[in-house]
Amino acid sequence: MPKQERRRDYSLQWNRKTTLLLSGCLVLLLTCLIICLVHVYGLLNTYRRFVDSSIVGQTQLDAELVSANLDTNIQVIRSTAEQLQQNENYDMDEQQIYKLLVGVRNKSNLDRVVLIMKDGTSYSSERYSTMSGLEELIPSASEDGTVVVAKTYFDFGDGMASYCIMLPVIHRGIIRGYLFGLSSTTGMLDGTDMDTYSQISRSYVINEKGTIMAISNSDVMFVLQNDDFYTDVLKDLSVNEDRDMMEGQLRKSFSEKDAGFLTFNAKDDDWKIYYAPIDDLKGWIYINVVRDSAVNALLRSIKVESFLSILSVILLMLLLCFLVGRFVMSEQHEMLKLAFEDSLTQAPNERYFQTHAAKLLKDYPDIAYRVVSFDIQNFRYLNESYGHMKADDLLRIMVKHVEKELSVRETYARIGADRFVALLVDDGRTGERILHMEERIARSANEEMINYPIKMKCGFYEVSDRKENIAAMIDKANLARKSVPSQGKDLIAIYEDRLMEETRRREFIESKMEMALIAGEFVPYLQPKWDMKNDHIIAAEALVRWKQNTNEIIPPGDFISIFENNGFIEKIDFYMLEQICKYLRRMLDEGREVYPISVNQSRYLLHDPNYTLNVQQILLKYRIPKSLIELELTETVFFQERERMLEVMEELKRMNMDLSIDDFGSGFSSLNLLRDMPFDVLKIDRGFLNETNASETGKFILKKIVEMADGLGVRVICEGVETREQAEMLMEIGCNYAQGYLYSRPISMDEFIEKYNTIQS
Ligand code: C2E
Ligand code: MG
Ligand code: MG
């Protein structure tokens, strides 16, 4: 299988809360954006209104200025007229009149001052210039000395129109002539240009008829044809709206004597007409015409600034969201690591495996898979011999090699001390791969100075139903692993349904055991030990039976290993010892013949620090002579355990207890054992006897064992003697004691009492 880089995909466990948090941030961000936009929109509107009212205000100021300009000029003309009127004889010579007019012109901002006498004589501050056109205004002059302000086209050489202030010069009630003050129309607007808006607006002064009296600048696109504001300007605004209606609106607004503005929609732009009445001149209006787009252009910088601010706020918020998101994600990753990784080895844990394996099974429906559960055989002893640090190192080595071995389509987890589970592609080489992995782990362990033989115990479960719960698959692979015999050569097992049956059975037994002990369902059976030469009983072995209510008898083979695994064996062994002591006490009290009884003691008991003390107490409680009790211990392969066993045996020997080694020759029996262990009886295993029957070599070995035991002063008793031939063969090689169906099966205590505990006379 091609190797690809394996990465742990924690996104599988992506937390709903994180998604909620991030979408919350996004919603918040959008809300902020909307609020900002609404705010800016409101701000722009407010500013727009502010601009409108500020232009209206400016227009009013301009109107006042025009009014003031005119007023000054009117005052000048009026006072000049008064000067002329005060001249009693009206005898000023030409020179004096010129001087007066020039003086007036110089003092005022009038461009020209003209006097036209009734007789047609005329005087001008500009002595040699023509004055044509002024006479035409005379008919409109009032008789009572009222000032007339009119428009004229008196040309000052600059081609611009001018306005004229006309006043009759009245002497003794008779009009003597007319005094004219002439000024360019632009002069009327001196100082009125709106500061801010001068570039975008055009100002007009119109009289009550709508005649344009003054216009702010001439280089604009309007071409005045009739001097009539309504005709010329409105036409040139190229409005979409009805011109007459506009005129009506304007006239109406102008007549209201208040400043204000109107908006008109022209085809190329919106236009705004700001207006303010000029106080001193009835019906005169000061007007500012402004393109809306030009005002908008002024707002553009505000818009740009606002949008830039919003943008920077949004960017900052996005950055914040990003940082918060990254922080949350790294926290989340840490949390996921805590939740889905084993802290010692950084290997994924079972929770991760469950999710990831389910995903792989779903993603690769065409690939056959196997779940494999594996551990290191006798890891516990390795832990004890090399210490926890070294054992932890070994686990890390395992993780490293498992990671290397697995492809992207496979996953694994550490599910317990040295227990691992993996989902492997079933390519027919899974066993081989495990062995390779084992080799590599052993090599690395060796480099780390761990010289313990590394053997992996594996249980396989072939995935057939992909919808099956992953936990159930792990359980099955575990069951298969546990079913590997601890001392067998082949350390690989495949799950079978039988294992599940056994598990159920185990669970059933475990659920009943405590109550059964209280209810006295565990009862001792006794099997005689026989002196074959003299053909009589010499002792017996106590063997536990579980008699259920239903009177069904469960043999120890069905539950002893379970009790050894769950520790309940300790209770059973002490219970059995007590039952036997109680029975012996009764026999002694009843004066019956008694035989030493051997009681099986599980290896598990050796780990109880109070074991020997408890044995002593039970014997004391029933006042049983030590010679009547023999303790049967099974040999052990494990060095550590063997040390402890030796310690306990020596202590028991100091207490004068008789000890036997049970099932000798069944497992990894060692002759060292015979040398080191202080025991009195060697019990040859039934299996050893069976094998001996078949071969001469076996018989020879057995003979040598018996001789050796004899030499050590140890009695030898052979278990499982079923036939006479076996008995004869044993006697032939010097073994005179036996236990087996040939002499008696294990029998109930009552039967044993009746048969062998005869009352002594
Ligand atoms: P064990 O201590 O080696 O006991 C001898 C076993 O061999 C007994 O099986 C006995 O019934 C059986 N046996 C004796 N003679 C023959 C024979 O001629 N042919 C055959 N086929 N079998 C024979 P049992 O009673 O089923 O006990 C099995 C094992 O369970 C015992 O082997 C012992 O290891 C364990 N056990 C029994 N009772 C206790 C107990 O109270 N405590 C502990 N820890 N283990 C016990
Ligand atoms: Mg035994
Ligand atoms: Mg035995």
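Residues numbered from 1 in each chain as written. Chains lettered and ligands numbered in written order. Predicted model: local features only at pLDDT ≥ 70, side-chain atom pairs only at ≥ 80, totals over all residues. Heavy atoms only, no water.

A. Looking closely at the site of ligand 1. Lining the immediate surroundings of ligand 1 are 23 residues, of which Glu541, Asp573, Asp662, Glu722 and Tyr741 lie closest. In this structure, an oxygen atom belonging to ligand 1 sits 2.9 Å away from a side-chain N or O atom of Glu541. A distance of 3.1 Å separates a nitrogen atom of ligand 1 from a polar backbone atom of Val544. For ligand 1, the accessible surface in isolation is 790 Å², of which the surrounding protein chains cover 83%. A per-element tally of the shell around ligand 1 places strand β17 (residues 536–547) first, with 4 residues. Classifying every residue of the shell around ligand 1 gives 9 nonpolar, 5 polar and 9 charged. (Near = heavy atom within 4 Å. Polar contact = N/O pair within 3.5 Å; in protein donor to acceptor, adjacent residues only side chain to side chain. Areas by Shrake-Rupley, 256 points an atom, 1.4 Å probe, with all protein chains shown as cover. Helix = DSSP H or I, 4+ residues; strand = E, 2+ residues; numbered from the N terminus. Nonpolar A, V, L, I, M, F, W, Y, C, P; charged D, E, K, R; others polar.)

B. Unusual backbone geometry, seen in detail. The phi torsion at Met449 lies on the positive side, around 65°, for a residue other than glycine. You will see that Asn656, though not glycine, has its phi angle at about 70°, which is positive. Along the chain, the position of Asn656 falls in the loop between α15 (639–654) and β21 (658–664). We classify Asn656 as exposed; its relative accessible area is 57%. (Buried < 20%, exposed > 50% of the residue type's maximum accessible area, 1.4 Å probe, protein only.)

C. Molecular detail of the coordination of the magnesium ion (ligand 3). In the first shell of the magnesium ion (ligand 3), the protein supplies Asp662 (OD), Asp663 (OD), Glu719 (OE) and Glu719 (OE), at 2.0 to 2.4 Å from the metal. Separating the magnesium ion (ligand 3) from the magnesium ion (ligand 2) is a gap of 4.0 Å, which Asp662 spans by donating to each of them. Pair noted here: Asp663 is in strand β21 and Glu719 is in strand β23 (residues 715–719), with a separation of 56 residues, a long-range link. Overall, Glu719 belongs to the buried group, its relative accessible area being 10%. (Donors = N, O, S within 2.8 Å, 3.2 Å for Na, K, Ca; no water.)

D. View of the coordination of the magnesium ion (ligand 2). In the first shell of the magnesium ion (ligand 2), the protein supplies Glu541 (OE), Asn600 (OD1), Glu632 (OE) and Asp662 (OD), at 2.0 to 2.3 Å from the metal. All donors of the magnesium ion (ligand 2) belong to a single chain; written as a sequence motif, their spacing is E-x58-N-x31-E-x29-D. When its relative accessible area of 2% is taken as the criterion, Glu541 is described as buried.

E. Up close: the sheet that holds strand β11 (residues 369–376). Across the sheet, 5 strands lie side by side as β12-β13-β11-β14-β15; this open sheet has mixed pairing. The sheet is open, and its two borders are formed by β12 (411–414) and β15 (492–494), each paired with just one other strand. Sheet twist, expressed as the average angle between the axes of neighbouring strands with direction ignored, equals 20°. Note that strand β14 (residues 456–462) and β15 share 3 bridges and pair parallel. Residue Phe460 lies in a different strand from β15, and its bridge partner there is Ile494. Relative to β12, helix α7 (residues 350–363) is tilted by about 165°, and along the sheet it contacts β11, β12 and β13 (420–425). (Pairing = 2+ DSSP bridges. Axes fitted to C-alpha atoms, helices over the stretch in contact; angles between N-to-C directions. Contact = heavy atoms within 4.5 Å.)

F. Here's a closer look at helix α2 (residues 94–107). An ideal rise of 1.5 Å per residue puts 20 Å on 14 residues; α2 measures up with 20 Å between its terminal C-alpha atoms. When α2 is considered as a whole, its buried residues turn out to be Ile97, Tyr98, Leu100, Leu101, Val104 and Arg105. Looking straight down α2, one finds that the buried residues subtend no more than 160° of arc, so they occupy a single side. Opposite the packed face of α2, turned more than 90 degrees from it, sit the exposed residues Lys99, Asn106 and Lys107. (Expected span 1.5 Å × (residues − 1). Arc of directions from axis to C-beta.)

G. Broad picture of a nonpolar patch on the surface. Among the surface-exposed residues, Val304, Leu308, Leu311, Leu315 and Leu318 lie close enough to one another that they form a single nonpolar patch of about 460 Å² accessible area. Relative to the elements of secondary structure, Leu308 occurs in helix α6 (residues 292–340). (Patch = residues over 30% accessible without salt bridge, like charges linked within 9 Å, V, L, I, M, F, W, Y side chains within 5 Å. Salt bridge = Lys/Arg side-chain N within 4 Å of Asp/Glu carboxyl O.)

H. Geometry of the confidence of the model for the chain. With 90% of its residues at a pLDDT of 70 or more, the chain shows a mean pLDDT of 85. Averaged over each element, pLDDT in the chain is lowest for helix α3 (residues 185–188) (70) and highest for strand β16 (residues 522–531) (98). Low pLDDT (under 50) marks residues 1–5, which in the prediction has 9 contacts with non-local residues, meaning those over four places away or in another chain. Across residues 218–223, where pLDDT falls below 50, the model places 11 contacts with residues more than four positions away in sequence or in other chains. (pLDDT = per-residue confidence, 0-100.)

I. The arrangement of the nonpolar core in detail. Counting residues in hydrophobic clusters, the biggest one holds 81 residues, and the most contacted among them are Phe522, Phe563 and Ile629. Here this core gets 11 residues from one element, more than from any other, and that element is helix α13 (residues 569–589). Not counting chain neighbours up to four residues away, the residues in contact with Phe563 comprise Ile509, Met513, Phe522, Trp546, Phe568, Ile569 and Ile572. With 35 residues, the next largest nonpolar core counts Val66, Leu70, Leu84 and Leu281 among its residues. (Core = buried A, V, L, I, M, F, W, Y, C linked by side-chain atoms within 4.5 Å.)

J. Local environment of helix α14 (residues 611–621). Within α14, the full set of buried residues consists of Tyr611, Thr612, Val615, Ile618 and Leu619. Along α14, the residues classed as buried sweep out an arc of 125° about the axis, all on the same side. Across from the buried face of α14, at angles greater than 90 degrees, the exposed residues are Leu620 and Lys621. Just downstream of α14, Arg623 is the residue with a positive phi angle, here 50°.

K. Structural view of the side chain of Asp685. If you trace the backbone, Asp685 turns up in the loop between β22 (681–684) and α17 (686–694). Discounting chain neighbours no more than four positions away, the residues touching Asp685 are Asp663, Phe664, Gly665, Ser666 and Glu719.

L. Layout of the side chain of Glu438. Considering the arrangement of structural elements, one finds Glu438 in helix α9 (residues 430–447). Not counting residues up to four positions away in its chain, the partners in contact with Glu438 are Ile454, Lys455 and Met456.

M. Examining the sheet that holds strand β3 (residues 148–152) more closely. Sheet architecture is open: 5 strands sit in the order β2-β1-β5-β4-β3, paired in antiparallel fashion. If you trace the sheet from one side to the other, it starts and ends with β2 (122–124) and β3, each paired once. Each strand of the sheet is rotated relative to its neighbour by a mean of 25°, with strand direction disregarded. With 5 bridges connecting them, β3 and strand β4 (residues 162–171) associate as antiparallel partners.

N. Broad picture of the packing of aromatic side chains. Applying the stated criterion to the full structure yields 20 aromatic pairs. Ring centres of Tyr204 and Phe229 lie 5.3 Å apart, and the angle between their planes is 75°; this geometry places the pair in the edge-to-face category. Note that Tyr204 is positioned in strand β6 (residues 201–206) and Phe229 in helix α4 (residues 229–236), a separation of 25 residues in sequence. Among the residues examined, Tyr204 registers a relative accessible area of 0% and is labelled buried. Clustering of aromatic rings is evident, with ring pairs tying together Tyr204, Phe229, Tyr230, Phe254 and Tyr275. Over the aromatic face of Tyr741 sits the side chain of Arg745, whose NZ or CZ is 3.9 Å from the ring centroid. (Phe/Tyr/Trp six-rings, centres within 6.5 Å; stacked < 30°, edge-to-face > 60°. Lys NZ or Arg CZ within 6 Å of the ring centre and 35° of its normal.)

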